[in-house]
Amino acid sequence: MKKWLVATLCSVVLLGGCAPTFEKQEQVVEEDENNQTVKAIIPSFQISDHYYKTLLPYESSATRGLVVNNLHSRYDIDQFEAGLTRMAKERFPTDKFLFKEGQTLDKKTVESWLNRKFTSEQLKERGLKESQNVGLNPVDDGSNKSPIYLSHIIEHSYLQKTAEDKVQLGGVVIGLALNSVHYYQNESTGTTIEDPISNDVIKQQGNQIAQEVVKRLRGKEELQGVPITVALYKQASSNSATPGHFFAYTNIEGNESSIAEWKAVNEQFYLFPSTEAEQAHSQDLKYFLNFKEKVENYFPNYNGVVGKAFYQNGKISTLNIDIPIQYHGKAETIGFTQYVADLANKEFPKELNLELTITSSNGPEALIVKKANKNDPMVHIYE
């Protein structure tokens, strides 16, 4: 008999990884760039070592909310922020650093950096000074041939303990989201034209923009001597069913003020099923299609199972599957969930991280999570 863990609503946090860690609550003093101190608390609860602890009271970034306006889809919004944190762990491990939303770049600064560069005539028309000409995107020449390359900037701060009861800024991670498609209006028809931006151009522009961002950050007193990581993110098209991905990052040491080299990041998302997945990862897609067929046989004449696969270094790491159902009662939902959990355990490779969400017109009905190389999934039935 399967020994599945059936989670209750209050314990759904266990799905984040290992069992939560409880430690004695710790009060610390945070030191800022002006040597001023603020008392804060490090929470005693940690979901797992996959996640950073944060100081309390929680301090939001002044740029909070801009990401929603600047990125095309919810997929990109979630992946850009979560992926940046994932990448930060290599340099700033969760057992030695605390997470804090960026405090150096305010909303006005980010908005001004996301602007286009202005010509002297354009500055004059707008009543701006040359010192305000800080846009990181190219000048608009009026020909529809000058794409907006940089769509968003996000800043994360990582705090480090310097003494038994003190923490200070130990590193900053900057994410630069770059557009993969140039959208503009056809002047004669009014239709929207989609002009793809090549990977070579995205990389070239990303490097150029990042160099200027690092130069400006180093000019800020509070970031002098602080290690900086910059990561480049390729945003998906506005109609994509999957998010974009990070493709490069660089580490700048505290005594450096420019970028010496980039390190490639091999990440990619695929929609299951899709032509792209068939061409790139046919065997993984075969596992999914076998699973999909058996799930849909449970509900005849119903076809709606889709998956989003995350690949790292050419190998599938995580597969999220959405299974919409027609709700006919709690008993049927429980029976179906048990069937799906057992099926997923049999059909997919053991080393794969799986997350399956069962929904109906009433909302989420069940969640199934199976961690890589674990024998039994964790199952939650929503009440």
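This one's a predicted model, so the numbers in the text were calculated from it and none came from an experiment.

Caption draft 1: Summary view of the overall build of the chain. Within the chain, the regular secondary structure consists of eight helices and 19 strands. Viewed in the frame of its principal axes, the chain has a C-alpha envelope of about 70 × 65 × 35 Å. Burial analysis of the chain (383 residues in total) assigns 44% to the buried set. The contacts in the chain between residues at least 6 apart in sequence include a share of 59% that link residues at least 24 apart. On the chain, roughly 20300 Å² of surface is accessible, and the fraction owed to carbon and sulfur atoms is 48%. The distance from the centre of the 40 positive side-chain charges to the centre of the 49 negative ones in the chain is 2 Å.

Caption draft 2: Spatial organisation of unusual backbone geometry. Residue proline 57 is reached from leucine 56 by a cis peptide bond, and omega for that bond is 0°. The omega angle of the peptide bond from phenylalanine 272 to proline 273 is -5°, so this bond is cis rather than trans. Positionally, proline 273 belongs in the loop between β14 (267–272) and α6 (275–280). Phi at asparagine 373 is positive, roughly 65°, even though this residue is not glycine. With respect to the helices, strands and loops of the structure, asparagine 373 is situated in the loop between β18 (363–370) and β19 (378–381). For asparagine 373, a relative accessible area of 58% corresponds to the exposed category.

Caption draft 3: How the structure looks around the pairing of strand β7 (residues 150–163). With respect to burial, β7 is a largely interior element, 10 of its 14 residues being buried. Pairing analysis gives five bridges linking strand β6 (residues 97–101) to β7, with the strands arranged antiparallel. Paired with lysine 100 across the bridge in β7 is serine 157. Note: β7 against strand β8 (residues 166–178), 12 bridges, orientation antiparallel. Across the sheet, glutamine 160 pairs through a bridge with glutamine 168, a residue of β8. Counting the residues between successive antiparallel strands, the hairpin from β7 to β8 contains two residues.

Caption draft 4: Structural context of the side chain of glutamate 155. With respect to the secondary-structure elements, glutamate 155 resides in strand β7. One buried charge, glutamate 155, has no salt-bridge partner; the nearest side chain with opposite charge is lysine 220, at 8.5 Å. At 3.0 Å, the side chain of glutamate 155 forms a polar contact with the side chain of threonine 104. Separated by 3.0 Å, the side chain of glutamate 155 and the backbone nitrogen of leucine 105 make a polar contact.

Caption draft 5: View of helix α2 (residues 74–88). Under the 1.5 Å per step criterion, the end-to-end length of α2 is 21 Å for 15 residues, consistent within 8% with the ideal 21 Å. Residues of α2 that are buried sit in contact with α1 (66–70), β7, β8, β11 (228–234), β12 (245–252) and β14.

Caption draft 6: How the structure looks around the nonpolar core. Core analysis: the largest hydrophobic core is formed by 30 residues, its most contacted members being Phe272, Phe291, Leu319 and Ile323. Counting residues per element, the ones that place at least two in this core are β14, α7 (282–298), β15 (306–312), β16 (315–324), α8 (330–347), β17 (353–360), β18 and β19. At five residues, α8 tops the list of elements feeding residues into this core. Excluding residues within four positions of it along the chain, leucine 319 makes contact with Phe272, Phe288, Gly307, Lys308, Ala309, Phe348, Leu352, Asn353, Leu354 and Glu355.

Caption draft 7: Examining the environment of asparagine 144 more closely. Counting through the fold element by element, asparagine 144 comes out in the loop between α4 (120–126) and β7. Between the C-alpha atoms of asparagine 144 and leucine 84, which are 60 residues apart in sequence, the distance is 31 Å. Setting aside residues no more than four positions away along its own chain, asparagine 144 makes contact with His182, Tyr184, Gln185 and Glu187.

Caption draft 8: Geometry of the pattern of salt bridges. Counted according to the given criterion, the structure contains nine salt bridges. Two residues, glutamate 267 and arginine 86, come together in a salt bridge whose shortest N-O distance is 2.8 Å. Pair noted here: glutamate 267 is in strand β14 and arginine 86 is in helix α2, with a separation of 181 residues, a long-range link. A relative accessible area of 7% means that glutamate 267 is categorised as buried.

Caption draft 9: Quick peek at the packing of aromatic side chains. With the rule as written, the count across this model stands at 13 aromatic pairs. On the basis of an interplanar angle of 10° and a centroid distance of 5.4 Å, the ring pair of phenylalanine 92 and tyrosine 158 is categorised as stacked. One end of the pair, phenylalanine 92, is in the loop between α2 and β6; the other, tyrosine 158, is in strand β7, and 66 residues separate them in sequence. Across the pair, tyrosine 158 and phenylalanine 92 agree in class, each one buried.

Calculation criteria
Residues numbered from 1 in each chain as written. Predicted model: local features only at pLDDT ≥ 70, side-chain atom pairs only at ≥ 80, totals over all residues. Heavy atoms only, no water. Helix = DSSP H or I, 4+ residues; strand = E, 2+ residues; numbered from the N terminus. Buried < 20%, exposed > 50% of the residue type's maximum accessible area, 1.4 Å probe, protein only. Contact = heavy atoms within 4.5 Å. Areas by Shrake-Rupley, 256 points an atom, 1.4 Å probe, with all protein chains shown as cover. Lys, Arg positive; Asp, Glu negative; His and termini not counted. Charge placed at Lys NZ, Arg CZ, Asp CG, Glu CD. Pairing = 2+ DSSP bridges. Salt bridge = Lys/Arg side-chain N within 4 Å of Asp/Glu carboxyl O. Polar contact = N/O pair within 3.5 Å; in protein donor to acceptor, adjacent residues only side chain to side chain. Expected span 1.5 Å × (residues − 1). Core = buried A, V, L, I, M, F, W, Y, C linked by side-chain atoms within 4.5 Å. Phe/Tyr/Trp six-rings, centres within 6.5 Å; stacked < 30°, edge-to-face > 60°.

Worth remembering: the numbers are spatial, not functional.
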